[in-house]
Structure formats: structure tokens, C-alpha cells
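Residue-level structure breakdown
Residues per chain are reported as follows:
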Amino acid sequence: MKKLLYIYIIAMVVIIFFSKTIYNFSLPSVTVSSIVSGSLEKELESYGELTFLKQYDIFAKMSGQVTKMNYEENDTVKSYSDVAEIAYSADAMELKRAEAALSKLYLSKLQIKSEDGSSTVADLEMKELADKIKDQKGIVASQEILYQAGVLSKRDLEEEQITLRELRSQLAIKQADREAALSQLDLDIAAAESEISMMKNGESQTVSNEAREGKLVALHVQPGEFVSMGEKIATIGVVNGNFQVEIIEPKDNARFVGLQDKAQYSVNGILADAEVTSIKPEGENLKITFNVSSDQFTGGEYGKIILSKVSENYDILVPNDAVVREEYSSYVWVVKARNGSLGQEYYAVKTRVFIADYDDNNTAISRGIYSGDDVILNPPEELENNERVLPY
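Attention in this report is confined to the structure presented alongside it. (Residues numbered from 1 in each chain as written. Predicted model: local features only at pLDDT ≥ 70, side-chain atom pairs only at ≥ 80, totals over all residues. Heavy atoms only, no water.)

Quick notes on the overall build of the protein chain
We count it as follows: The numbering of helices and of strands both runs from the N terminus, where a helix is a DSSP run of H or I of at least 4 residues and a strand a run of E of at least 2. Each residue gets one of three labels from its accessible area relative to the maximum for its type: buried under 20%, exposed over 50%, partly exposed in between, using a 1.4 Å probe on protein chains only. Contacts are assigned to residue pairs with any non-hydrogen atoms lying within 4.5 Å of each other. Throughout, the Shrake-Rupley method with a 1.4 Å probe supplies accessible areas, and for residues the shown protein chains are the sole cover considered.
Helix and strand counts for the protein chain stand at five helices and 22 strands. Taking all 392 residues of the protein chain together, the buried fraction comes to 38%. Restricting to contacts in the protein chain with at least 6 residues of sequence separation, those with at least 24 account for 74%. Looking at the protein chain as shown, the accessible area adds up to about 23,200 Å², and 51% of this sits on carbon and sulfur atoms.

Here it is in C-alpha cells:
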């Protein structure tokens, strides 16, 4: 009798073992990964031309024919030296045109800055931008409250913060453009008045560099050509070891870049420190400007810019292969355990998640899953919610 009991027990163990093995064999095998904490590592790599941080244009102060150019592009232009020579050429009709042009310059200045203190178009545009900034600051403040409460994702908050930065940048540009326009108009008016005087008295003139040495970036006229008063003759870069590089990158690739972020610019093994000084939206892209400081460059070089950045620490990081992104939401498959008829079994639960940020390898999750969960990597498309799986 004892012998039969032993045989029965052994037979049941064998049956249960093989039943479980056969049962598991039919289950989809999935690779799982544990959730970790940590930071994201982001890197932007791009290429751009090194241009002068400061450059200026030289203009013709009278109408006439260019008789001589004393420099070629990329030449070093000495301070106060003559860049071009212009022979005076005008008639009565041209004098009238010059006087009409001077009247337009006076009118243009009044449109930017009125003499009686009344608001101009430029004033109204800047007031409208200032009002938009005030409204956007209120939106950002309310979005920060929603983010702290866990109702809003960090990316949505950053969208509003970027909009606020863009509005502030636009206002700063308009203010700077207004002052630059007034300064340029004063110069143009003085030049026009000088040209009219020359027309009436008859004389020739040289076009000279400013009181500093520079590099001739571009020539805009050639000997033999006729030029009008105020026409651009040459562009000169200020050689002082300070340059800039502009790159254009898709917003998704460069969203993490911020003002004053540090970077490295390299040309043929020569490295220089760089810093982000401007970020401007251009459609679906961002135009990012870096200041580069180095006495080893002369301007015009084409090199590589690399910006590396480490994010804040996140409690929930999962591999990118675990995240399924759809048009309006994202989700992961979490592996859960339960007791079944043949022992512990595992099943997959489709779980919506909210993404805080991501890099090339990992995604930071703000809500949806918890530390200690296991997620499926590269989940099968045919996987169904609560379906049993075989994790490994």
C-alpha cells in the first residue's frame, strides 16, 4: 500500500511539472527591465561657420563712380585707412533726388521718435509686446502650480516657459532695433546733408575705415561701378578674439538647450569655449547662437559645436525601448505577478504614463508607474492587456 502511495505522489509531481512546463511553453516570452532612478544625458552636435561677433559696414557718403578699391576680401584693414575712392558725379535732377531722399530720412526718424512726445508705431508695438509678456507670466505661474500638483507634464510647462522667453527676446530685439535704427538714421541724415553740400560745391571723396583695425569680410562694389549715397561699400569684422556661430536645429533635438549653456567649438583639433547667447524659433526649428572666444581663430572657419548637458535627477527612468508612443498619449507594459493554479504566474498590464523628459537611451516618467515595477522591452504588437507572459 505504501508503495502505491509513493508511486501516486511521484506521478502527480511529474504530471504537475510537465503540465506547468507545457503551459508556460505556449506563453509569449518577454524581456523585462527594472525601473531605476538617475539623470538624463543629452548632447547636441552641429556644424557652423565662425563669424565675427562684432562687424560694421562702410557706406558711400556721396553718389559717384568707384575709381579704386584699396583692399580685397580677407585683407586686414588698418584703422583710418582709405578703403575706396569715389569720383563725384551728379546733375540737377540727381540733386533734387538727394534732397527728396533727405526729406524721407527726416520723416523716417519722426515715425520712430516723435518730436512732440506722442506715441509712434514702434512705441505701440513695444507696448503690445509688453502686455503679452505680462499675460504670459500669469500663464506660466498658473502652469507651475498645475505642474507641482502633478496635473501637468514638465514638457507642457516648458512650452509656456519657452513662449515667455521668446516674447522677452522679441521685446529686447525691438528695443535694440529701435535704438540702432535711430542711430543709423542720424548717420544717414548727416551723410545725406554732406552729399548735398558736395553736389552743390563739386568734389570727390574717399571712403575710410573706422578708428580700429579689422578684417574685410565682404566687398559690395567693384571699381567702375556707380554708387548712390548711403550704399554699402564694404563689411569689416572686428578682430578681437570674439566670434559667434549660428546653427539651426529641429526643436525636438534642441529643446533642452538653454541660455548661457556651455559648449565646445573645434576646428582641425583646435578647441575653444562657447556659450549660448540666443535661442530664436524659426518654424519647427530653433536658431541657436553661440559666442566663441579664442585668439587662435581669424574668422571664417567652419567647425563643429558640441553641447553636453545632464538633467536633474528623476525617480523613474525606463529604457526608451519600453515606451510606446502614440499620437496623444504614451504607455508601457508592466509585468505583474499573481498566484495561479500551477503556482506563481505573470501577466502584462498596459499602463498609461506621462513623460517628463527623455534622451537617446532613457525616458523619465512623472506619473503612471512606480519604483519597483518591471516593464517589458520591445513589447510584441499582438500583446493584449492582462495576458499571461513568460518574463526573462
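Points about the sheet that holds strand β7 (residues 82-88)
Formally: The rule for pairing is simple: two strands pair if DSSP sees at least two bridges between them.
Read across the sheet, four strands follow the order β8-β7-β5-β10 without closing on themselves; strand pairing throughout is antiparallel. The open sheet has two free edges, formed respectively by β8 (205-208) and β10 (226-227), since each of these has just one partner strand. Relative to β7, strand β5 (residues 64-69) is paired through five bridges, and the arrangement is antiparallel. Paired with K68 across the bridge in β7 is E85.

Notes on the packing of aromatic side chains
Quick reminder of the rule: Classification of ring pairs rests on two measures: the distance between centres of Phe, Tyr or Trp rings, Trp counted by its six-membered ring, which must be within 6.5 Å, and the angle between planes, read as stacked under 30 degrees, edge-to-face over 60 and tilted in between. Our definition puts a charge over a ring when NZ of Lys or CZ of Arg is within 6 Å of the ring centre and also within 35 degrees of the ring normal.
One pass over the structure, following the stated rule, counts four aromatic pairs. Aromatic side chains Y47 and Y302 sit 6.5 Å apart centroid to centroid with 10° between the ring planes, which places their arrangement in the stacked category. Separated by 255 residues along the polypeptide, Y47 in strand β2 (residues 36-49) and Y302 in strand β16 (residues 302-319) bring together distant segments of the chain. By relative accessible area, Y302 is classed as exposed at 57%. Ring geometry for Y265 versus F297: centroids 6.0 Å apart, planes at 85°, classification edge-to-face. Of this pair, Y265 sits in strand β13 (residues 262-267) while F297 is found in the loop between β15 (285-293) and β16, placing the two residues 32 residues apart along the sequence. Each member of the pair, Y265 as well as F297, is classed as buried. Here the guanidinium or amino end of K42 rests over the ring plane of Y358, the centre of that ring lying 5.8 Å away. The ring of Y347 has R338 lying over it, and the distance from NZ or CZ to the ring centre is 4.2 Å.

A few points about the nonpolar core
Where a protein is soluble and globular, its nonpolar side chains tend to be buried together. In plain terms, the rule: Grouping buried Ala, Val, Leu, Ile, Met, Phe, Trp, Tyr and Cys residues that are joined through side-chain atoms within 4.5 Å yields what is termed a nonpolar core.
With 23 residues, the main nonpolar core has V257, Y265, I288, F290, V292, F297 and L307 as its most contacted residues. For this core, the secondary-structure elements that each account for two or more residues are β12 (242-250), β13, β14 (270-282), β15 and β16. In contact with L307, other than residues within four places in its own chain, are K42, E43, L44, F256, V257, D261, K262, A263, V276 and F290. Formed by 21 residues, the second largest nonpolar core is a distinct cluster that contains I58, A60, I233 and I236.

Things to note about the sheet that holds strand β4 (residues 55-59)
As summarised here, the arrangement of the four strands in space is β4-β11-β9-β6, forming an open sheet in which the pairing is antiparallel. Strand pairing shows two members of the sheet lacking a second neighbour, β4 and β6 (76-77), which therefore form its edges. Pairing analysis gives five bridges linking β4 to strand β11 (residues 232-238), with the strands arranged antiparallel. Each residue of the ladder has a partner; that of F59, found in β11, is K232.

A short note on the side chain of T363
The following threshold applies: Under this definition, polar contacts are N or O atom pairs within 3.5 Å; protein pairs additionally need one hydrogen-donor-capable and one acceptor-capable atom, and for neighbouring residues in sequence, both atoms have to be side-chain atoms.
Along the chain, the position of T363 falls in strand β20 (residues 362-367). A residue is classified by how much of its surface remains accessible, and T363, at 0% relative accessible area, is buried. Side-chain polar atoms of T363 contact the side chain of R325, separated by 3.2 Å. Leaving out residues up to four positions away in the same chain, T363 has contacts with I316, L317, V318, N320, V323, R325, I355, D357 and Y358.

Considering unusual backbone geometry
Comment: phi is negative for the bulk of residues other than glycine, and the bulk of peptide bonds are trans. The backbone of Y80 sits at a positive phi, close to 65°, despite the residue not being glycine. Relative to the helices and strands, Y80 is located in the loop between β6 and β7. For Y80, a relative accessible area of 61% gives the class exposed. The residue N378 is not glycine, and still its phi comes out positive at about 45°. Looking at the secondary structure, you find N378 in the loop between β21 (374-377) and β22 (388-391). For N378, a relative accessible area of 54% puts it in the exposed group.

Geometric values such as these leave the question of function open.
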